[in-house]
Amino acid sequence: MKMGVLGSGMVGQAISARLAELGHEVMIGTRDPNKLGEWSTLNQKAKIGSFAETAAHGEMLFNATNGAGSLMALEMAGAGNLSGKILVDISNPLDFSKGFPPSLIVSNTDSLAEQIQRAHPDARVVKTLNTVTARLMVYPREVADGDHQIFVSGNDVDAKSQVAELLKSFGWIHILDLGDITSARAAEMYLPLWVRMYGALNSGMFNVKIVK
Ligand SMILES: NC(=O)c1ccc[n+]([C@@H]2O[C@H](COP(=O)([O-])OP(=O)(O)OC[C@H]3O[C@@H](n4cnc5c(N)ncnc54)[C@H](OP(=O)(O)O)[C@@H]3O)[C@@H](O)[C@H]2O)c1
């Protein structure tokens, strides 16, 4: 499948490399292709483009841009290039302007995922993967052989089921549908706890497991 990954950081690079490894036709999007020079020599199968070129290329899109810049990045991607497509939103609305620990730019009664869905009503936004570190997103079996949960939120049931198939191809076993896009508030508001666990455990290679 043609995949467009918006974002050149750890997440965009990890998702792009894994999608290429799985045989997808990948383009990774950035405002500055020069920053991906070293990465692209190691990942020659992935193309590099602007946000707009990447969004036009992808049949399925990923938002792996900084939460504070996501709305701007998606505007640069072009509403027409997002229309009708699944947009897997991995971003977190973290505000590091006052240092560590970060606070949230949006919370409680709204979320970044909802802001993105409102800004692009024709895109099929599915929030997922934002609750784990980049490596674990794409190699979930590296922790407890995959015996832990990933969440999905979104209004479009078919889009969530297509994203669940993709997550399974990454190695995810336990995929928990939290509900419509408003449930992304909870997944985003988990981040303050994630950040504290990261500090306490001194590693990002962990996740939560639901027990009943
Ligand atoms: N790092 C993780 O393990 C992790 C885990 C879970 C969720 N997340 C979330 O995933 C997203 C990506 O994280 P990351 O660590 O890979 O990288 P990041 O440093 O948070 O984001 C880098 C990307 O954001 C773009 N960007 C930044 N400011 C922008 C602006 N004002 N307008 C347009 N684009 C802008 C950059 O564009 P250029 O390419 O042009 O520089 C770059 O592509 C974030 O929302 C983060 O919270 C990260």
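Refer to the preceding data block for the structure.
The following refers to the structure shown. (Residues numbered from 1 in each chain as written. Predicted model: local features only at pLDDT ≥ 70, side-chain atom pairs only at ≥ 80, totals over all residues. Heavy atoms only, no water.)

## A look at the packing of helix α1 (residues 10-21) against helix α8 (residues 157-170)
Okay, so step 1: Where α1 meets α8, the axes come as close as 11 Å, and the angle between the chain directions of the two elements is 85°. Compared by their axis directions, α1 and α8 come out roughly perpendicular. For the pair formed by α1 and α8, the contact residues are I15, R18 and L19 on the first element and L166, S169 and F170 on the second.
Okay, so step 2: Here the residues of the contact of α1 with α8 are counted per class, giving 4 nonpolar, 1 polar and 1 charged. (Axes fitted to C-alpha atoms, helices over the stretch in contact; angles between N-to-C directions. Helix = DSSP H or I, 4+ residues; strand = E, 2+ residues; numbered from the N terminus. Parallel < 35°, antiparallel > 145°, perpendicular 65-115°, else oblique. Contact = heavy atoms within 4.5 Å. Nonpolar A, V, L, I, M, F, W, Y, C, P; charged D, E, K, R; others polar.)

## Quick look at the side chain of Q149
Okay, so step 1: Mapped onto the secondary structure, Q149 falls in strand β9 (residues 149-154).
Okay, so step 2: Looking at Q149, the relative accessible area reads 12%, which means it is buried.
Okay, so step 3: A distance of 2.8 Å separates the side chain of Q149 from the backbone nitrogen of I210, its partner in a polar contact. (Buried < 20%, exposed > 50% of the residue type's maximum accessible area, 1.4 Å probe, protein only. Polar contact = N/O pair within 3.5 Å; in protein donor to acceptor, adjacent residues only side chain to side chain.)

## Digging into the nonpolar core
Okay, so step 1: Counting 32 residues, the largest nonpolar core has I15, L19, F62, L129, L167 and F170 as its most contacted members.
Okay, so step 2: Every element with two or more residues in this core is listed here: β1 (2-6), α1, β2 (25-29), β4 (60-63), β5 (86-89), α7 (134-138), β9 and α8.
Okay, so step 3: At 5 residues, α8 tops the list of elements feeding residues into this core.
Okay, so step 4: Beyond its immediate stretch of four places on either side in the chain, F170 contacts I15, R18, L19, L22, L129, M137, V138, Y139 and P140. (Core = buried A, V, L, I, M, F, W, Y, C linked by side-chain atoms within 4.5 Å.)

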